[in-house]
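Chains, contacts and geometry: an overview
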Amino acid sequence: MTIKKLVPAATLALIALGATGVPMPALAQDTIKVGVIAAFSGPFAEYGKQMEGGIKAWMAQNGATVAGKKVEIILKDTTGPAPEIAKRLAQELVVRDKVDFLAGFGLTPEALAVAPVAEQAKKPMIIMNAATSVITTKSNYIARFSMTLPQVSAPMATWAARNSIKKVVTLVADYGPGIDAEAAFKAELVKGGGTVTEAIRVPLRNPEFAPYIQRIKDAKPDAVFIFVPAGEQSIAFMKGYRERGLAAAGIKVIATGDLTDDHVLPAMGDATLGVITTFHYSAAHKSPENAAFLKSFAAANPGAGRPNFMAVAAYDGMAAIYEVSRKLNGKIDGDQAMAILKNLRMTSPRGPISIDPVTRDIVQTVYVRKVEMVGNEPYNVEFEQFDHQKDPGK
Ligand code: PHB
C-alpha cells in the first residue's frame, strides 16, 4: 500500500520540477481534449467523416499542439440519428474522459439531446453542422460554426422573387431544419410578392420521393424549393427529379446548398446542371483561405473526395478551439471560453465569419450559386451574395 502511494507521488514530484528544476504542469493537464460526437456509421456516416476530415485538415496545417498542450480528439459514433446515444456519449466524455470541449453534431436531434449536458457541465459545445435555429437557445455554452436553415433559406426566396419566380411548391424533410427552411422561405417569398402554393413535408428516414415529385409536376409551379439533409437524400431527390422530367416540364429547382452537397455533387450527374442554391460554402469559392483548406484537406484525407460544408465548419470550429486555448493559456474554463467565442471573428475558407455575441450563432455571407461544369466536374459556382447574414429568426 505504502509503495503504491509512494511511486506516483515520486513520479509526480519529478514531473513537477522537471530536469531543470523549473515547475511544470502535471501530466493530466498536458492535453486539451475535444470530444467529437457525430454519426460515423449508418445512413449519416458521411457527416462524421466530413467533420473528422475538416479537423484533420486543420491540425495538419496548424499542428497538434496549442498553448504548449497536445490536442487530443476523441471521436464518438452515435450511429444516428440517435439522440439518446448522443446524450450518453456526451455524459461519458464529460465524466470519464474529462473533455474540455464538446464538438461535432451533424443532426439536430443529437445536438438538442446534448445541450443540457453542456449546460450542466459548463462545457463549450461547438456545433459543426446541426442547423435548426432553436439549438443555440438550449444552452449558454453552445456556439455554432455551421449555419442555420433560415439563414440560408431566406436569401433563396429573396433571389427567387427578384427573378420572377413567384409560384413555388416547397418540399422539406419533416423535422427541425426542414420546418425552419419552409417557414423562412415562405415568409420571405410572400414579402417579395410570391406565394407558396403547396408545402410538402417528407419523412427524415428513407423518403420515397417519386410520388411527391409527381405531385409537384401536377401543381405546375414556377419552381420547387427543397431542403433535404445532405447526402443520400439529395441523391435520391435528384434521381427522381431527373426520372420524372421536372426540368422538361419547365419547373425549376431552387434549394439550400444541402441538395447539391459538394461531396456528392460529382456523382449526381447532369440533372444538377443549372440548379440554383443558396449556401455559405462552396468548394469552388475563390479565396486564398479556401485554396489552403482544399490543399490541406486533400493531403490529410487521401482518397476522401471533395470536402463539404460540414468539413469546413469542423475546420473553423477547430480554429475557434485553438484560439480559445491560446487566449486561456491552455486552461479551459467554460465561462471564459464562451466570452472569447462570443467575440470571435475570422476569415474562413467560406469567407468572413463571426459569432453573434447575443445569440452565439454564426454571422456570414450567403452566396447564390448555380451548378456548372468547371473543367470536367460540376461545381456550385457562386454568382451573387448576401453579406452579414444573421439567423433571421433571432
Ligand atoms: C440537421 O439535422 O440539422 C441537418 C442535417 C443535414 C443538413 C442540414 C441540417 O444538410
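Residues numbered from 1 in each chain as written. Predicted model: local features only at pLDDT ≥ 70, side-chain atom pairs only at ≥ 80, totals over all residues. Heavy atoms only, no water.

**Considering the sheet that holds strand β6 (residues 142-144)**
Definition in use: Only when DSSP finds a minimum of two bridges between them are two strands counted as paired. Think of it this way: any DSSP run of H or I at least four residues long counts as a helix, any run of E at least two long counts as a strand, and we number them from the N terminus. Throughout, a contact is declared for two residues whenever any of their heavy atoms are within 4.5 Å. Only the stretch in contact is used when fitting a helix axis, every axis being a line fitted to C-alpha atoms; angles between N-to-C directions are given from 0 to 180 degrees.
The strand order across the open sheet built from 6 strands is β2-β3-β1-β4-β5-β6, with neighbouring strands paired in mixed fashion. The sheet is open, and its two borders are formed by β2 (65-66) and β6, each paired with just one other strand. Pairing between strand β5 (residues 125-127) and β6: 3 bridges, direction parallel. Across the sheet, the residue bridging to Met125 is Ile142, located in β6. Running over the sheet, helix α3 (residues 83-95) touches β1 (31-38), β3 (69-77) and β4 (101-104) and is turned about 155° from β3.

**A look at the packing of aromatic side chains**
To keep it simple, the criterion reads: For Phe, Tyr and Trp, rings pair up if their centres lie within 6.5 Å, where Trp contributes its six-membered ring, and each pair is then called stacked (planes under 30 degrees apart), edge-to-face (over 60) or tilted (otherwise). Burial classification: accessible surface area is computed with a 1.4 Å probe over protein chains only, and a residue below 20% of its type maximum counts as buried, one above 50% as exposed, and the rest as partly exposed.
For the coordinates displayed, the defined rule picks out 11 aromatic pairs. Note on Trp58 and Tyr322: the rings are 5.5 Å apart at their centroids and 85° apart in plane angle, and the pair reads as edge-to-face. Note that Trp58 is positioned in helix α2 (residues 45-62) and Tyr322 in helix α11 (residues 309-327), a separation of 264 residues in sequence. Accessibility classification places Trp58 together with Tyr322 in one group, the buried group. Judged by centre distance (6.3 Å) and plane angle (25°), the rings of Phe237 and Tyr241 are stacked. Here Phe237 and its partner Tyr241 are both found in helix α8 (residues 232-243), 4 residues apart, which amounts to about one turn of the helix. As far as burial versus exposure is concerned, Phe237 and Tyr241 are alike and both buried. Members of the aromatic cluster, joined through ring pairs, are Trp58, Tyr281, Phe293, Phe297, Tyr315 and Tyr322.

**Comments concerning the pairing of strand β7 (residues 167-173)**
With 6 of 7 residues buried, β7 is to be regarded as a mostly interior element. In terms of strand pairing, β7 meets strand β8 (residues 195-202) through 7 bridges, oriented parallel. Across the sheet, residue Lys167 finds its bridge partner in β8, namely Thr195. With 5 bridges connecting them, β7 and strand β9 (residues 223-227) associate as parallel partners. Opposite Val172, over in β9, you have Phe227 as the bridge partner.

**Regarding the site of the ligand**
To keep it simple, the criterion reads: We call a residue near a molecule or strand when any one of its heavy atoms sits within 4 Å of it. Polar contact is the term for a pair of N or O atoms within 3.5 Å; when the atoms are in protein, one must be able to donate a hydrogen and the other to accept it, and sequence-neighboring residues count only if both atoms are side-chain atoms. The Shrake-Rupley method, run with a 1.4 Å probe, gives the accessible areas here. Residue values count only the displayed protein chains as cover. Polar here means any residue other than Ala, Val, Leu, Ile, Met, Phe, Trp, Tyr, Cys and Pro, which are nonpolar, and Asp, Glu, Lys and Arg, which are charged; Gly is therefore polar. Domains are outlined according to an automatic or database domain assignment.
With respect to spatial proximity, 15 residues lie near the ligand, and among them Thr108, Ala131, Tyr175, Ala230 and Asp258 are the closest. Within the side chain of Thr108, an N or O atom sits 2.6 Å from an oxygen atom of the ligand. Ala131 is positioned such that a nitrogen or oxygen atom in its backbone is 2.9 Å from an oxygen atom of the ligand. For the ligand, whose accessible area on its own is 280 Å², the fraction buried by protein is 100%. Of the residues assigned to the shell around the ligand, the class counts are 11 nonpolar, 3 polar and 1 charged. Structurally, the shell around the ligand is a two-domain feature, drawing no fewer than three residues from each of domain 1 (2-147 + 287-360) and domain 2 (149-279 + 366-389).

**Considering the domain arrangement of the chain**
Defined as follows: Buried surface area refers to the total accessible area, computed with a probe of radius 1.4 Å, that the two partners give up upon joining, counted for both partners together. Any Lys or Arg side-chain nitrogen located within 4 Å of an Asp or Glu carboxyl oxygen qualifies as a salt bridge.
Domain parsing of the chain yields domain 1 (2-147 + 287-360) and domain 2 (149-279 + 366-389). Between domain 1 and domain 2, the C-alpha centre-to-centre distance is 31 Å. The junction of domain 1 with domain 2 conceals about 1,700 Å² of combined surface from both sides, 58% of it contributed by carbon and sulfur atoms. Among the residues of domain 1 in contact with domain 2, Met147, Arg306 and Phe309 are the three that bury the most area, contributing 41% of the side total. Counting across the interface, domain 1 meets domain 2 through 2 salt bridges. Between Asp262 and Arg306 there is a salt bridge, and its shortest N-O distance comes to 3.0 Å. At the boundary of domain 1 and domain 2, one finds 11 residue pairs in polar contact (both at pLDDT 80 or more). Elements represented by at least two residues in the side of domain 1 that touches domain 2 include exactly α2, α4 (108-121) and α11.

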